[in-house]
Amino acid sequence: MADDDHIEAVLARLSRPQKLALVRGATDPEGTATGYLSGVKEAGIPPFRLVDGPLGIRAEGQRATAFPASIATAATFDPDLARQQGAAMGREAAALGQDALLAPGVNIIRVPHCGRNFEYLSEDPVHAGAVGAGLIDGIQSADVVATVKHFVANNQETHRTTVSTEVDERTLRELYLPPFRSAVDAGVGSVMTAYNRVNGTHMSDHGRLVGDVLKGEWGFDGYVVSDWYGIESTVGAANAGMDVEMPGVAAPGAAEAANSDTADDAEEFEWPDGIPDATRAGLFGDPLVEAIDSGEVPAERLDDMVRRVLGQMDRFGRLDGSRTAAEDGASDDQAGELDSQRHRDIAADVAARGTVLLDNDGVLPLADGADVAVIGPNIDEPKLGGGGSSETTPVHSVTPVAGIESRAEGAVTTAFGVPQIASVSLFDLLPFVGEDDDTDGTAADIAQQDPSLDDAVDAAAAADVAVVFVRDATTEARDRDSLALPGQQDDLVSAVAAANENTVVVVRSGGPVELPWREDVAAVLEQWYPGQADGDAAAAVLYGDRDPSGRLPVTFAPEGEFPTAGAERRYPGVDDEVHYDEGVFIGYRHFDDEDADPTYPFGHGHSYATFEYGDAETTGERTVAVTVKNAADRPGREVIQAYVRPPSVDGVDRPRRELAGFEAVQLDADEQKTVALTLDDLAFSRYDPNSGWTVDTGTYTVEIGRSSRDIRTTVPVDR
Ligand code: BGC
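Rules of the game
Residues numbered from 1 in each chain as written. Predicted model: local features only at pLDDT ≥ 70, side-chain atom pairs only at ≥ 80, totals over all residues. Heavy atoms only, no water. Core = buried A, V, L, I, M, F, W, Y, C linked by side-chain atoms within 4.5 Å. Buried < 20%, exposed > 50% of the residue type's maximum accessible area, 1.4 Å probe, protein only. Domains from an automatic or database assignment. Contact = heavy atoms within 4.5 Å. Pairing = 2+ DSSP bridges. Helix = DSSP H or I, 4+ residues; strand = E, 2+ residues; numbered from the N terminus. Axes fitted to C-alpha atoms, helices over the stretch in contact; angles between N-to-C directions. Arc of directions from axis to C-beta. Left-handed = near helix turned anticlockwise from the far one by under 90°. Nonpolar A, V, L, I, M, F, W, Y, C, P; charged D, E, K, R; others polar. Near = heavy atom within 4 Å. Polar contact = N/O pair within 3.5 Å; in protein donor to acceptor, adjacent residues only side chain to side chain. Areas by Shrake-Rupley, 256 points an atom, 1.4 Å probe, with all protein chains shown as cover. Patch = residues over 30% accessible without salt bridge, like charges linked within 9 Å, V, L, I, M, F, W, Y side chains within 5 Å. Salt bridge = Lys/Arg side-chain N within 4 Å of Asp/Glu carboxyl O. Lys, Arg positive; Asp, Glu negative; His and termini not counted. Charge placed at Lys NZ, Arg CZ, Asp CG, Glu CD. Buried area = accessible area lost by both parts, 1.4 Å probe. pLDDT = per-residue confidence, 0-100.

What to know about the nonpolar core
Next, step 1: One finds Ile45, Phe151, Leu288 and Leu310 to be the most contacted residues of the largest nonpolar core, which totals 114 residues.
Next, step 2: Mapped onto the domain boundaries, this core takes at least three residues apiece from domain 1 (4-253 + 271-321) and domain 2 (341-550).
Next, step 3: Sequence-distant contacts of Leu288, that is, excluding residues within four places in its chain, are made with Leu20, Val23, Thr234, Ala238, Leu283, Val297, Leu302 and Met305.
Next, step 4: Counting 40 residues, the second largest nonpolar core, distinct from the first, contains Ile71, Tyr120, Val554 and Phe556.

Remarks on the sheet that holds strand β21 (residues 658-667)
Next, step 1: What the four strands build is an open sheet, ordered β21-β20-β25-β26; its pairing is antiparallel. Each edge of the open sheet carries a strand with a single partner, namely β21 and β26 (710-718). Each adjacent strand pair in this sheet contributes to an overall mean axis angle of 20°, direction not counted.
Next, step 2: Summarising the sheet, strand β20 (residues 636-645) and β21 pair through nine bridges and their orientation is antiparallel. Residue pairing for β21: Glu638 is matched across the bridge by Val665.

Concerning the sheet that holds strand β14 (residues 503-508)
Next, step 1: The six strands are arranged β10-β15-β14-β13-β11-β12 in an open sheet whose pairing can be described as mixed. Edge positions in the sheet fall to β10 (356-360) and β12 (412-415), since each has one partner strand and no second. Between one strand and the next, the sheet's axes are offset by a mean angle of 20°, whatever the strand orientation.
Next, step 2: Pairing between strand β11 (residues 372-375) and β12: four bridges, direction parallel. Looking at β12, one finds that Val374 is bridged to Thr414.
Next, step 3: Strands in contact with helix α18 (residues 489-499) are β11, β13 (465-471) and β14; relative to β13, the strand with the most contacts, it is inclined by about 170°.

Quick look at helix α1 (residues 4-13)
Next, step 1: Among all positions of α1, only Ile7, Val10 and Leu11 are buried. What you see down the axis of α1 is that its buried residues fit within an arc of 100°, all on one side. Across α1 from its buried face, at more than 90 degrees, point the exposed residues Asp5, Ala12 and Arg13.

Looking at the packing of helix α4 (residues 79-95) against helix α14 (residues 341-353)
When two helices pack together, their arrangement is given by the angle between the helix axes and the distance between those axes.
Next, step 1: In contact at an axis separation of 10 Å, α4 and α14 are set at 145° when each is read in the N-to-C sense. Of the two elements, α4 crosses α14, and the hand of that crossing is left-handed. Taking contact as the criterion, the partners of Leu81, Gln84, Gln85, Ala88, Arg91 and Glu92 in α4 are, on α14, Arg342, His343, Ile346, Asp349, Val350 and Arg353.
Next, step 2: Class assignment of the residues belonging to the contact of α4 with α14 gives a composition of four nonpolar, three polar and five charged.

A look at helix α8 (residues 207-217)
Next, step 1: Residues of α8 that are buried include every one of Leu209, Val210, Gly211, Val213, Leu214 and Lys215, and no others.
Next, step 2: Within two residues after α8, Gly219 carries a phi angle of roughly 70°, on the positive side.

Topic: the site of the ligand
Next, step 1: Every one of the 14 residues lining the ligand counts as a neighbour, but Asp52, Arg116, His150, Asp227 and Glu476 are closest to it.
Next, step 2: In this structure, Arg160 approaches the ligand through a side-chain N or O atom, which is 3.4 Å from an oxygen atom.
Next, step 3: Here an oxygen atom of the ligand and a side-chain polar atom of Glu476 are 2.8 Å apart.
Next, step 4: Against a free-state accessible area of 310 Å², the protein chains account for coverage of 94% of the ligand.
Next, step 5: Class assignment for the residues of the shell around the ligand results in four nonpolar, three polar and seven charged.

Here we look at a negative patch on the surface
Next, step 1: Judged by side-chain charge, Asp3, Asp4, Asp5 and Asp221 come together as a negatively charged surface patch.
Next, step 2: The topology assignment puts Asp5 in helix α1.
Next, step 3: Assessed through its relative accessible area of 61%, Asp5 is described here as exposed.

Brief notes about the domain arrangement of the protein
Next, step 1: Examined at the domain level, the protein breaks down into domain 1 (4-253 + 271-321), domain 2 (341-550) and domain 3 (607-718).
Next, step 2: Listed per partner, the contact involves 48 residues of domain 1 and 48 residues of domain 2.
Next, step 3: Counting the surface lost from both domain 1 and domain 2, the interface buries some 3,700 Å², and carbon and sulfur atoms represent 61% of this.
Next, step 4: In this assembly, domain 1 and domain 2 are joined by three salt bridges.
Next, step 5: Linking Arg160 and Glu476 is a salt bridge whose minimum nitrogen-to-oxygen distance equals 3.0 Å.
Next, step 6: Those elements giving two or more residues to the side of domain 1 that touches domain 2 turn out to be α3 (70-75) and α4.
Next, step 7: Examining the composition of the side of domain 1 that touches domain 2, we find that six residues originate from one element, α4, more than from any other.
Next, step 8: Looking at the side of domain 1 that touches domain 2 residue by residue, the class counts come to 22 nonpolar, 15 polar and eleven charged.

Comments concerning the confidence of the model for the protein
Next, step 1: Per-residue pLDDT for the protein averages 94, and the proportion of residues at 70 or more is 95%.
Next, step 2: No element of the protein has a lower mean pLDDT than helix α13 (residues 322-330), which averages 48, and none a higher one than strand β9 (residues 223-225), which averages 99.
Next, step 3: Contacts of residues 324-334 to residues separated by more than four positions or lying in other chains number 15 contacts, the stretch itself having pLDDT below 50.

Comments concerning the pattern of salt bridges
Next, step 1: The final tally for this structure, using the stated rule, is 57 salt bridges.
Next, step 2: Notably, a salt bridge pairs Arg353 with Asp78, separated by 2.8 Å at the nearest N-O pair. Of this pair, Arg353 sits in helix α14 while Asp78 sits in the loop between α3 and α4, and the two are 275 residues apart along the sequence. Neither residue differs from the other here; Arg353 and Asp78 are each classed as buried.
Next, step 3: A salt bridge links Arg471 to Glu381; the shortest N-O distance between them is 3.3 Å. Of this pair, Arg471 sits in strand β13 while Glu381 sits in the loop between β11 and α15 (400-407), and the two are 90 residues apart along the sequence. The pair formed by Arg471 and Glu381 is uniform in burial state, with each residue classed as buried.

See the structure below:
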């Protein structure tokens, strides 16, 4: 815990230039950090390093464990596993000399096309909040500050640096703010503001949301950091409640790139869409001094910024050297640790548990001795993640082919079938980053032999089972232009399915994709971006060594059926405004409201086991209990989900059901357990713009089941 007197004593000794060194980023002399505060040596304040996140540690020039994409972690519906992943990431950040991790990202998945959905958690705020809190708790258990991002209503990459999210207060309160609120309740040390505007005001300048709501109402006492080059104005940001400017210095080469581009045509340089102006830096340097001197920013504001930064440094042992002692082994969870076996195991565990079995006609799990054709354009490369600031380079990784070859007892043949799918990356969009001649050994760097569809069909026809790996390619700073799988992959699946009735498709995607051939294949697995454990995790689930216990954190449906489809105002916006006209009706709330059947509903996922639900009963004000039995002859992992249906109230349009709680349980064959679910108040309340949070009097129905569309038992609850 932060020692207030100690911090006040340190603060009192600092000169103004020294204070400024704690609120404006600088260049990391060691070159590993994503963001750096130089500290104040004379005052015993060490340098402070911030590093990306959230799929592992992206310290410049360093390798680290590449965990599955955040959406895969969320698909485990297991905050405790998220905590383990967070703790491992925290230990790796510590081992790499970093002090704060720029993770987790908890923005609600509103638009299925968003290029960063893989970095986010869920279309549901209770779910995102619970998984996010697990990650935060884990990261901070390693004495590393967690940074929840991007605050708030940053739900698309198109025009992300300029667009204004036009959203009503109820929708903000019920959907988009709650995961951040959960992060604050979990004790998160830092909040990163988003690039976008909300109702016209840049988030860095948003006094109401940053100052009044986050710091005032919610009592957040950590520091608020800008997104990179994301501070809009010195006075606006300082007075709104922004505490730290990052990176504080222009990107090397950015000014030259901007100038050289304009040299010929005298027109103002335009940064590519989604890329912030990387020359924008130093707003919390001299301009802040001037603003304080002119009285536009109270001097006390600078003290408050510094106090908040020092508070987190002190809390995590950076001011008194106690963390150094911890690194020497005071506590297992506080020691730095990199690419250890246990971290590899956690990465593999999350990848396997986050795998969702969308469909299975009985072909899975595979027989050990089956002859398998492994097919797909990228079967020789692990799907580590999407592009952008979350790119993590692992020491060790397993390709799909390698994973299956090491597990299979029958023959394994391979075929690419169609041209490979190239990865896309934010870094390729940056005008000031030169051609990268480093290769990382992924398929993008491997000259691929001419793929042949015929070879794939022949391999499929000759095998007992054909396993086709398909993928999308998404990145920060760009949205997808379609939910279809890129390239010729749909043709490949159809051709293979026609040649072998035991065709299993393993999908790697950053969010919902369209699977037009799904009724022609025997089974479909969704693995998101599985990270370094890729092939091992796939094999573990395919052969039934692990139960596919992932459940969908996002609804899968045809592109045209999402609430953002067909209305440019809703997405990607008109005149730099995106209107959240659908209000709270996104994801499953939308499909319920429309009485429409999605392809796969929120919460969906089969198990290799079969579960029987007893009758639910209330056991307290906020708890319900249900007994669940594994009726199969094999172990399985079930995710028990509780939704709340509100009573109908005149003039109030509410979602038909909202997730209120969930619990993942491992059950042996024939085993049964009684599970008590804690119901989140959010599911009972609605936000009334005039009177605030409101719980309507009446009878609510708690629905308990396997997904939002597979309810097994209900129990009434009066409020
Ligand atoms: C991203 C952040 C990231 C930061 C630093 C920004 O472009 O939006 O999520 O942490 O860069 O790399």
